[in-house]
Amino acid sequence: MLPQKQAEEAIVTNFTETENENGGIIVGREGEENKEQDDNSMFTLKSLLWHGGSVWDAWFSCASNQVAQVLLTLPYSFSQLGMLSGILLQIFYGLMGSWTAYLISVLYVEYRTRKEKENVSFKNHVIQWFEVLDGLLGSYWKAVGLAFNCTFLLFGSVIQLIACASNIYYINDKLDKRTWTYIFGACCATTVFIPSFHNYRIWSFLGLGMTTYTAWYLTIASLLHGQAEGVTHSGPTKLVLYFTGATNILYTFGGHAVTVEIMHAMWKPQKFKYIYLLATLYVFTLTLPSASAVYWAFGDQLLTHSNAFSLLPKTRFRDAAVLLMLIHQFITFGFACTPLYFVWEKVIGMHDTRSICLRALARLPVVIPIWFLAIIFPFFGPINSAVGALLVSFTVYIIPALAHMLTYRKASARQNAAEKPPFFMPSWTATYAINAFIVVWIFVVGFGFGGWASMINFIRQIDTFGLFAKCYQCQPSGLPPPKTAAAPPPHAHHL
């Protein structure tokens, strides 16, 4: 048995990899040679914009992917939760999400190490979460992981498409939101040409810059606007609203469904361990000030305005924020869809195809159901909570914690683990205790209460606006605002 230090060095050697012209991975000596060639031209334009695999690339990808359109719905969640609960739950779920992302990274390294010892080659193959579960725990876990992960990423892509239509409407309301969904569905379909997460280097960097601008625009614009006349801050008032808001925050910090794909795109994946935590700490500097400031300024008005842009006055700064968020949502759509592209390629036997154009053509069927679902359920805000409770709770919280516990349940597995517990964790027992707490908490509070509340709210949106709503939460000129669907009627669920 190798000591841990020697094992880590062996992993570094085995994991040395680079991207071939097809976006695949070349492992081992061939990868080292090609990487040296890449290093000699690392300052070329193509390398700068296209080929990413460093720790910084992974950090930008995690931070950019974690906070996208949800930035605009967090003030809506604060109106449901109240200021104090909103802040505390962001910190709580942010740290919990960072822990489960760490668990996913540990399981990836364990799986990769075992396969390397078996001389398995991953040339032209991107490892995905369901394959990690299959290799460590068997086919049943593979099926469960595949079902939850793909469904979550499918609806995550749907949410980005809905957000595009919702945002552009505040710049140009000559077209309704459904028409804008048609248009942006076609635009987002161009992500089929991006081979892998290696190729998001410049997009991740720009995406995080765009989100940073938008977050601080929301903060500063709200403070300059001041509190609206007669503003009230009554939240939390009802349990159904409280748990709906809580599951939106659960969704916010559950963006690590693409952790394995991001790790696989790294030159040294074992360095990923704390990247998601560092990305989350930066995200706190965006989400906490912006959500607090918008809620302070507009209070309970947000209960019927799930998009924060809808309450801020139209200025060139707001229009710039809207445009930047549109671009960023296009990027995040690609982040959510790319793992689905990989799965579909593997199903139809196109994953190792060299031609980017052939792969792009093969990927197009993945976009069609996303487009269709975005038109059926255009409920910007409430859909986040439903996805958070029913899908995120299992995909990125419960399943990773259970998988980690089962993988290292035997003493021999713990003794030979590629990654030992982190330095701040005194023992395996403490690790198991934290994992068990996450499983119970998320199942009861996130899935149980959160699922109950979010589905009540989601069904209410359908009852109020209908499926295929032409313009969700739009206010036609000269007519009163649409009937609110945020709060339950007095006779139902008045808790």
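Quantities reported herein were computed from a predicted structural model and do not represent experimental measurements.

**Points about the overall build of the protein**
Piece 1. The number of helices and strands found in the protein is 18 helices and two strands.
Piece 2. Every one of the 495 residues in the protein was classed for burial, and the buried ones make up 59%.
Piece 3. Of the contacts formed within the protein by residues at least 6 apart in sequence, a portion of 84% connects residues at least 24 apart.

**Section: the packing of aromatic side chains**
Piece 1. This model, assessed by the stated rule, comprises 27 aromatic pairs.
Piece 2. Centre to centre, the rings of Phe-92 and Trp-441 are 5.3 Å apart; their planes meet at 70 degrees, and the pair counts as edge-to-face. With Phe-92 in helix 6 (residues 83-117) and Trp-441 in helix 18 (residues 428-465), this residue pair connects regions lying 349 residues apart in the sequence.
Piece 3. Exposure remark for Trp-441: the relative accessible area of 30% places this residue in the partly exposed category.
Piece 4. Ring centres of Tyr-200 and Phe-335 lie 4.8 Å apart, and the angle between their planes is 25 degrees; this geometry places the pair in the stacked category. One end of the pair, Tyr-200, is in the loop between helix 9 (177-188) and helix 10 (201-225); the other, Phe-335, is in helix 14 (residues 316-348), with 135 residues separating them in the sequence. Taken individually, Tyr-200 and Phe-335 each receive the classification buried, so the pair is uniform in this respect.
Piece 5. Site record: aromatic cluster; members linked through ring pairs are Trp-56, Trp-59, Phe-60, Phe-205 and Tyr-282.

**Describing helix 7 (residues 129-137)**
It helps to recall that an α-helix has 3.6 residues per turn; residues three or four apart then point in one direction.
Piece 1. Residues Trp-129, Phe-130, Glu-131, Val-132, Leu-133 and Leu-136 constitute the buried set of helix 7.
Piece 2. Buried residues along helix 7 sit in contact with helix 6, helix 8 (139-168), helix 12 (259-264), helix 14 and helix 16 (382-407).
Piece 3. Positioned one or two residues after helix 7, Gly-138 has a phi angle of 110 degrees, which is positive.

**Here's the deal with the side chain of Asn-435**
Piece 1. Mapping Asn-435 onto the fold places it in helix 18.
Piece 2. The buried category is assigned to Asn-435, whose relative accessible area is 0%.
Piece 3. Excluding its chain neighbours within four sequence positions, the residues that come into contact with Asn-435 are Trp-99, Leu-103, Ala-401, His-404 and Met-405.

**Digging into the packing of helix 14 against helix 15 (residues 356-376)**
Piece 1. Here helix 14 crosses helix 15 at 120 degrees, and the two axes come no closer than 9 Å. Handedness of the helix 14/helix 15 crossing: right-handed. The residues of helix 15 that touch helix 14, namely those facing Phe-333, Cys-337, Leu-340, Tyr-341, Phe-342, Trp-344, Glu-345 and Ile-348, are Arg-359, Ala-362, Arg-363, Pro-365, Val-366, Val-367 and Ile-370.
Piece 2. A breakdown of the residues in the contact of helix 14 with helix 15 according to their chemical character gives twelve nonpolar, no polar and three charged.

**Quick look at unusual backbone geometry**
Piece 1. Backbone torsion omega between Gly-235 and Pro-236 reads 0 degrees, so that peptide bond is classified as cis.
Piece 2. Assignment of secondary structure puts Pro-236 in the loop between helix 10 and helix 11 (239-252).

**Considerations on the environment of Ser-292**
Piece 1. Topologically, Ser-292 is positioned in helix 13 (residues 275-298).
Piece 2. The exposure class of Ser-292 is buried, given its relative accessible area of 16%.
Piece 3. For the pair Ser-292 and Gly-86, spaced 206 residues apart in sequence, the C-alpha to C-alpha distance is 8.4 Å.
Piece 4. Apart from residues lying up to four places away in sequence, Ser-292 is in contact with Phe-78, Met-83 and Ile-87.
Piece 5. In this structure the side chain of Ser-292 is engaged in a polar contact, spanning 2.7 Å, whose partner is the backbone oxygen of Leu-288.

**Details of the pattern of salt bridges**
Piece 1. What the rule picks out here adds up to nine salt bridges.
Piece 2. For the salt bridge of Arg-201 with Asp-57, the shortest nitrogen-to-oxygen distance reads 2.7 Å. One end of the pair, Arg-201, is in helix 10; the other, Asp-57, is in helix 4 (residues 55-66), and 144 residues separate them in sequence. Both residues of the pair, Arg-201 and Asp-57, belong to the buried class.
Piece 3. In this structure, Glu-345 and Arg-363 form a salt bridge, with 2.6 Å as the shortest nitrogen-oxygen distance. Of this pair, Glu-345 sits in helix 14 while Arg-363 sits in helix 15, and the two are 18 residues apart along the sequence. Each member of the pair, Glu-345 together with Arg-363, is buried.

**Remarks on the packing of helix 11 against helix 16**
Piece 1. Two elements in contact, helix 11 and helix 16, have axes whose closest approach is 8 Å; the angle formed by their N-to-C orientations is 50 degrees. In terms of axis orientation, helix 11 runs oblique to helix 16. Between helix 11 and helix 16 lies a crossing of left-handed hand. On helix 16, the residues that touch Thr-244, Thr-247, Asn-248, Leu-250 and Tyr-251 of helix 11 are Asn-384, Ser-385, Val-387, Gly-388, Ala-389, Val-392, Ser-393 and Tyr-397.
Piece 2. When its residues are assigned to classes, the contact of helix 11 with helix 16 shows six nonpolar, seven polar and no charged.

**A short note on the confidence of the model for the protein**
Piece 1. When pLDDT is averaged along the protein, the result is 82; 84% of the residues meet or exceed 70.
Piece 2. Predicted confidence for residues 1-42 stays below pLDDT 50, and this span has 84 contacts to residues more than four positions away or in other chains.
Piece 3. Below a pLDDT of 50 lies the segment residues 477-495, which in the model reaches 35 contacts outside its immediate sequence neighbourhood of four places, other chains included.

**Quick word on the environment of Ala-418**
Piece 1. Along the chain, Ala-418 falls in the loop between helix 17 (411-415) and helix 18.
Piece 2. Counting along the chain gives 305 residues from Ala-418 to Thr-113, while the straight-line C-alpha distance between them is 7.1 Å.

**Some details on the environment of Leu-286**
Piece 1. Here Leu-286 shows up in helix 13.
Piece 2. Residue classification places Leu-286 among the buried positions, given a relative accessible area of 1%.
Piece 3. Here the alpha-carbon distance between Leu-286 and Thr-211, two residues 75 residues apart in the chain, equals 8.1 Å.
Piece 4. Leu-286 has contacts with Val-67, Leu-71, Thr-211, Thr-212, Ala-215 and Trp-216, leaving out every residue within four places of it along the chain.

Rules used in this analysis
Residues numbered from 1 in each chain as written. Predicted model: local features only at pLDDT ≥ 70, side-chain atom pairs only at ≥ 80, totals over all residues. Heavy atoms only, no water. Helix = DSSP H or I, 4+ residues; strand = E, 2+ residues; numbered from the N terminus. Buried < 20%, exposed > 50% of the residue type's maximum accessible area, 1.4 Å probe, protein only. Contact = heavy atoms within 4.5 Å. Phe/Tyr/Trp six-rings, centres within 6.5 Å; stacked < 30°, edge-to-face > 60°. Axes fitted to C-alpha atoms, helices over the stretch in contact; angles between N-to-C directions. Left-handed = near helix turned anticlockwise from the far one by under 90°. Nonpolar A, V, L, I, M, F, W, Y, C, P; charged D, E, K, R; others polar. Polar contact = N/O pair within 3.5 Å; in protein donor to acceptor, adjacent residues only side chain to side chain. Salt bridge = Lys/Arg side-chain N within 4 Å of Asp/Glu carboxyl O. Parallel < 35°, antiparallel > 145°, perpendicular 65-115°, else oblique. pLDDT = per-residue confidence, 0-100.

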